Amino acid sequence: MEEWLQLLISFFVSNVLGYGGGPASIPLMYKEIVTNHGWLTDPEFSNMLALGNALPGPIATKIAAFVGYGVSGWMGMTLALAATIIPSAIALIWLLNLLQKYRTSPVVKGMTLLVQPVIAIMMLTLTWQIGKSSVISIGLLQSLGIAAVAFWAMNIRKIHPALVILAAFAYGGLVLSQVV
């Protein structure tokens, strides 16, 4: 019973104070998981983080599920996930209701208009960083070739982006298997 309470409090505090999602809450989770409670060692936490980043979905929920299950089985996993998800869900519902209430306000309209360029710049920065790392890892010609084929497949042939991503994934696997 005491472990359940520790799981609940640890993940609740980590996720409430870790405003900004996974990257902000991971150091707080590390402190709770490794330093305060010793549920995982440093290498175990690193391995769990690497595996969690390789899987789809939010990292915070994957960490909560893994650690919660390891500490206290299915009940521990359920409590850790609840402590991770519920605070964000409540805040999101509250904020959406607040935005809905004031949607005609010029201030809210102005805020949403000002957020759009920031998101666009963040996406451009992310695209630049990913593109740069691709050129470094596989070369300029191969990167441009993949981009051109992806553009052709999605815009001219109208192939679904998921299939293009799957094809690029398979191509990367084939190229990597020949390099190794």
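Structure first, text after, so check above.
In this text, all values refer to a predicted model and were calculated from it rather than measured experimentally.

## Quick word on the overall build of the protein chain
Counting its regular elements, the protein chain contains seven helices and zero strands. In the protein chain, the order of α-helices and β-strands from amino to carboxyl end is α-α-α-α-α-α-α. Here the C-alpha atoms of the protein chain give a radius of gyration of 21 Å, more than 25% beyond the 16 Å that 2.2 N^0.38 yields for 180 residues. Based on the C-alpha atoms only, the size of the protein chain along its principal axes is roughly 55 × 55 × 25 Å. In the protein chain, which comprises 180 residues, the share counted as buried stands at 23%. The long-range share in the protein chain, meaning contacts at least 24 apart out of those at least 6 apart in sequence, stands at 45%.

## Things to note about the environment of serine 134
Mapped onto the fold, serine 134 is located in helix H5 (residues 106-138). Owing to a relative accessible area of 27%, serine 134 belongs among the partly exposed residues under this scheme. Placed ten residues apart in sequence, serine 134 and leucine 144 show a C-alpha to C-alpha distance of 9.8 Å. Residue contacts for serine 134: discarding those within four places in its chain leaves Gly139 and Ser143.

## Points about helix H6 (residues 140-156)
Spanning 17 residues, H6 covers 23 Å between terminal C-alpha atoms, matching the ideal 24 Å at 1.5 Å per step. Here H6 has its buried residues at Ser143, Ala150 and Ala153. End-on, the buried residues of H6 take up no more than an arc of 100 degrees, which puts them together on one face. Away from the buried face of H6 by more than 90 degrees, exposed residues Leu141, Leu144, Phe151 and Ile156 are located. A positive backbone phi angle near 60 degrees is found at lysine 158, which sits one or two residues after H6.

## Observations concerning the packing of aromatic side chains
If you walk through the whole model with that rule in mind, you get two aromatic pairs. With centroids separated by 5.1 Å and ring planes inclined at 80 degrees, the aromatic side chains of tyrosine 30 and phenylalanine 45 adopt a geometry described as edge-to-face. With a gap of 15 residues between them, tyrosine 30 in helix H2 (residues 22-36) and phenylalanine 45 in helix H3 (residues 42-54) connect regions that are remote in the sequence. Judged by relative accessible area, tyrosine 30 falls into the partly exposed class, the value being 29%.

## Some words on H3
Taking 1.5 Å as the rise per residue, H3 with 13 residues should run 18 Å; its terminal C-alpha atoms sit 19 Å apart, in good agreement. Among the residues making up H3, those that are buried are Phe45, Met48, Leu49 and Gly52. The arc that holds every buried residue of H3, seen down its axis, measures 100 degrees, which confines them to one face. H3 presents Pro43, Asn47, Leu51 and Ala54 as exposed residues on the side facing more than 90 degrees away from its buried surface.

## Focus on unusual backbone geometry
The backbone of lysine 158 shows a phi angle near 60 degrees, a positive value even though the residue is not glycine. Tracing the backbone through its elements, the reader meets lysine 158 in the loop between H6 and helix H7 (161-179). In this structure lysine 158 comes out as exposed when scored by relative accessible area, which is 63%.

## Here's the deal with the nonpolar core
Among the nonpolar cores identified, the biggest contains 19 residues, and Phe11, Ile33, Trp39, Phe45, Ile63 and Val67 are the most heavily contacted of them. Breaking this core down by element, the ones donating at least two residues are helix H1 (2-17), H2, H3 and helix H4 (59-101). Sort the elements by how many residues they give to this core and H4 lands first, with eight residues. If we skip the residues at most four places from it in the chain, valine 67 touches Leu7, Phe11, Ile33, Trp39, Leu40 and Met48.

Criteria and thresholds
Residues numbered from 1 in each chain as written. Predicted model: local features only at pLDDT ≥ 70, side-chain atom pairs only at ≥ 80, totals over all residues. Heavy atoms only, no water. Helix = DSSP H or I, 4+ residues; strand = E, 2+ residues; numbered from the N terminus. Rg over C-alpha atoms; globule rule 2.2 N^0.38 Å. Buried < 20%, exposed > 50% of the residue type's maximum accessible area, 1.4 Å probe, protein only. Contact = heavy atoms within 4.5 Å. Expected span 1.5 Å × (residues − 1). Arc of directions from axis to C-beta. Phe/Tyr/Trp six-rings, centres within 6.5 Å; stacked < 30°, edge-to-face > 60°. Core = buried A, V, L, I, M, F, W, Y, C linked by side-chain atoms within 4.5 Å.

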